[in-house]
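# Architecture and fold: a report
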Amino acid sequence: MTSPLEQKKIRITGPSVVTANRTWDGAVVYRTAQQGWSTALSDAAIVSTSDDARALLAESAADDVGAVGAYIAPVELKGGVVKPGNLREHIRSKGLTIDLLPA
Amino acid sequence: MYAYDELDRTLINERVSEFRDQVKRRLSGELTEDEFKMLRLQNGVYLQLHAYMFRVAIPYGTLSSKQLRRLAHIARRYDRGYGHFTTRQNIQFNWIKLAELPDALAELAEVGIHAMQTSGNNMRNVTSDQWAGVAPGEVEDPRIWSEILRQHTTLHPEFSFLPRKFKIAITASEHDRAAIKIHDIGLRLHKNADGETGFEVLVGGGLGRTPFIAKTIKPFVAGRDILSYVEAILRVYNQYGRRDNIYKARIKILVHELGIEKFAREVDEEWRQMGHSALTLDHSVIEEVRSRFSYPAYEKLPHMPDELKQAAHDPLFERWRKNSVAPHKVQGYSIVTLSLKPVGGPPGDATADQMDAIADLADKYSFGEIRVGHEQNLALPHVAKRDLPQLWKALDRLGLATPNVNLVTDIIACPGLDYCSLANARSIPIAQELTRRFANHDTADMIGRLHINISGCINACGHHHVGHIGILGVEKNGEEFYQITIGGRADENAQMGALIGPAVPYAEVADVIEDIVEAYLALRDRPEELFVDTVKRLGVEPFKERVYATR
Ligand code: HEM
Ligand code: SF4
């Protein structure tokens, strides 16, 4: 998973969302179509063209008080359900893949 | 223990109020993230995958029971009930909320703990041997010098905007437990032919993208001159370090590009010009710092108390004692390592309850003192031998007596893709799986000393280059792959491991490591030949053949 933090050129190849970390607590959030942030991936605005992605990112990045480090992340759409598009985003969305206690 | 003076306390408290104000302005939108980022980094606050991460310094790895209890409290009150001890004598909290950070910092400040310079391009926590002051045969307590350097460089304007981060480690023993050869500056305390105490100074070590073993720049610098000499190195670095390219900004690159001889000449010239008089340490200054370290009032105890003789009949106790208990400089005492590497657990994590319990045990058995080592384990530095059986029982109940110190399951691992925003691949579940594979302590004993180090990306926070077996997470077409190296080491004979073959996918890593270990068992010429020594004797080839023959 190459870190997406240094996204330069924006070109998407499939459905994507904008994600960031909420400023006050760092929680993973997704940009909604109502120009807000939600911790639920299912609330995320989904874009499928590079132009839309660019616009959504610009709007999100402008809300620097709400969330920080906004970037575009791939998602998969399966039967109307949104799923994270790679392992990194899966971990951000679902949490740790590990047991915290010895087992 | 080290007693902070008024100046330290004032400085820490001022820093907390300053940060409280900065956070307030950030949350109100008065400061943008761009403006705020540097301010938060100067207070040890990173942004990770799921949350902010907060890194707290444990100078030279020494903690009081009171401080450890406070860390437990922070974990419980502000985080999710656990913390992660790192390879540089820091502790990290993974789930802290920015809005609550000033309160957490204020609570830490009350017990003399801070997070200054735990990130950013400045002088990081000056680390030391976790057995400092108690190891037999040590030249003298290296923490005195760590503290002198810490005081001089903390918030020093000249060293607050270095080309890149800067890490110093100090050891005073024959056996290097502080990994000085992979630091920007490594200092080895020793005595010269005249019996004078001073330092061998090494420079330019480091891991990451371009790993280097540090080279000796001066075999002996007298103790009183060490500040001026280190400052001369930092000045040369400040002047010539590559600020234009983050990948070339560490001092190791400068030393490599100039060559150690030329670099040494530059430093000497700077040192001469400084006239180094102002920074020469007065005997009284050194003694003042020395006097702030207090040592316990040890009792006169027998070398072999009855309690120990009796307990020796219990094979489980004996196994732990042989593995985790080390000789102390004072007769009748021992140094006890507390393994934070339980089978199936994340390496280096401790829960708040464990931290509280360790603090209680430290009060009862170790004069209230705890140490943190770069292997991500803890130690109780002053345990009377007669107390070892009782302590063992208590540790065992807490899951802190896994007899695997320095063995195959004593794995050093970075947070990897489970936490870290820079990661290519996960580290912790690989470590967990390996500890399950080698969970049988008899097998681990039979294998002997073997250090596995895992990093989730080339930044090498898990020191994979210097692991006897190193595992590095890389990405191939969106999948997690791992490069495996063998034959590295981090001690006084530090060297980088060699790549054994093509990267393997996540699901195969544990199998490959098992194959490597099996190959070693077949190839070693006697049971005492350590894994690293077999690799040194035979090279990578025979291992490669066995591991890749069937793949
Ligand atoms: C989780 C957030 C972390 C981030 C963002 C981070 C970032 C980095 C980066 C960028 C480097 C490479 C620096 C360079 O070569 O110039 C590095 C190296 C290093 N980090 Fe981390 N790291 C993190 C966690 C850790 C942890 C958990 C540990 C200890 C277990 C650690 C200890 C080290 C060490 C020892 C090195 C390599 C030694 C060196 O060459 O300086 N870091 N880290
Ligand atoms: S080695 Fe890479 S993945 Fe691991 S903690 Fe460091 S930066 Fe993160």
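All residue numbers refer to positions counted from 1 along the written sequence of the respective chain. Chains and ligands are labelled by the order in which they are written, letters from A for the one and numbers from 1 for the other. Totals for whole chains, interfaces and linings use every residue, but because this is a predicted model, local features are given only for residues with pLDDT of at least 70 and side-chain atom pairs only at 80 or more, for both listing and counting. Values reported for side chains reflect all heavy atoms of the structure, with hydrogen atoms and water molecules removed beforehand.

### Topic: the interface of chain B and chain A
How big an interface is tends to be stated in terms of the accessible area lost upon association of its parts. Contact with chain B, which involves 41 residues of that partner, is made by 28 residues of chain A. Here the quantity called buried area is the accessible surface, traced with a 1.4 Å probe, that two parts lose on coming together, added over both. Carbon and sulfur atoms supply 60% of the area that chain B and chain A bury against each other, a total of about 2,600 Å² over both sides. Of all residues in chain B, the largest losses of buried area upon contact with chain A belong to B:Arg26, B:Leu49 and B:His50, amounting jointly to 19% of the total for that side. Salt bridges are counted wherever a side-chain nitrogen of Lys or Arg sits within 4 Å of a carboxyl oxygen of Asp or Glu. Between chain B and chain A we count 1 salt bridge in total. Between B:Arg26 and A:Asp64 there is a salt bridge, with its nearest N and O atoms 2.9 Å apart. Pairs of N or O atoms within 3.5 Å make up the polar contacts considered here, provided that, within protein, one atom can donate a hydrogen while the other can accept it, and that residues adjacent in sequence are counted only when both atoms are side-chain atoms. Remark: the boundary between chain B and chain A carries 10 residue pairs in polar contact (both at pLDDT 80 or more). Only DSSP runs of H or I reaching four residues or more are called helices, and only runs of E reaching two or more are called strands; each is numbered from the N terminus. Counting residues per element, the ones that place at least two in the side of chain B that touches chain A are helix H1 (6–28), strand E5 (90–96), strand E13 (349–351), helix H14 (428–437) and strand E19 (479–486) of chain B. Among the elements that make up the side of chain B that touches chain A, the one with the highest residue count is H14(B) (4 residues). Here, two residues are considered to be in contact whenever any of their heavy atoms come within 4.5 Å of each other.

### Observations regarding the pairing of strand E1 (residues 16–22) of chain A
Residue and element names in this part refer to chain A. With 6 of 7 residues buried, E1 lies mostly within the body of the structure. Strands were regarded as paired on the criterion that DSSP finds at least two bridges between them. Direction of pairing for E1 relative to strand E4 (residues 67–78): antiparallel, over a ladder of 6 bridges. Directly across from Asn 21, in E4, lies its bridge partner Val 68. Bridge count between E1 and strand E2 (residues 28–31): 3 bridges; the pairing is antiparallel. When the sheet's bridge partners are listed, Thr 19 is paired in E2 with Tyr 30. Where E1 folds back on E2, the antiparallel hairpin that results is connected by 5 residues, among which Gly 26 adopts a positive phi of roughly 85°. A simple rule labels every residue: compare its accessible area, found with a 1.4 Å probe on the protein chains alone, to the largest value its type can have, and call it buried under 20%, exposed over 50%, or partly exposed in between.

### A look at the pattern of salt bridges
Residues and elements named next belong to chain B. Counting across every chain of the model gives 54 salt bridges over all chains. Where Asp 491 meets Arg 489, a salt bridge forms, and the shortest distance between an N and an O atom there is 3.0 Å. Just as Asp 491 is buried, Arg 489 falls in that class too. Each of the salt bridges in this network shares a partner with another, and the network as a whole consists of Glu 433, Arg 436, Arg 437, Asp 511 and Glu 514.

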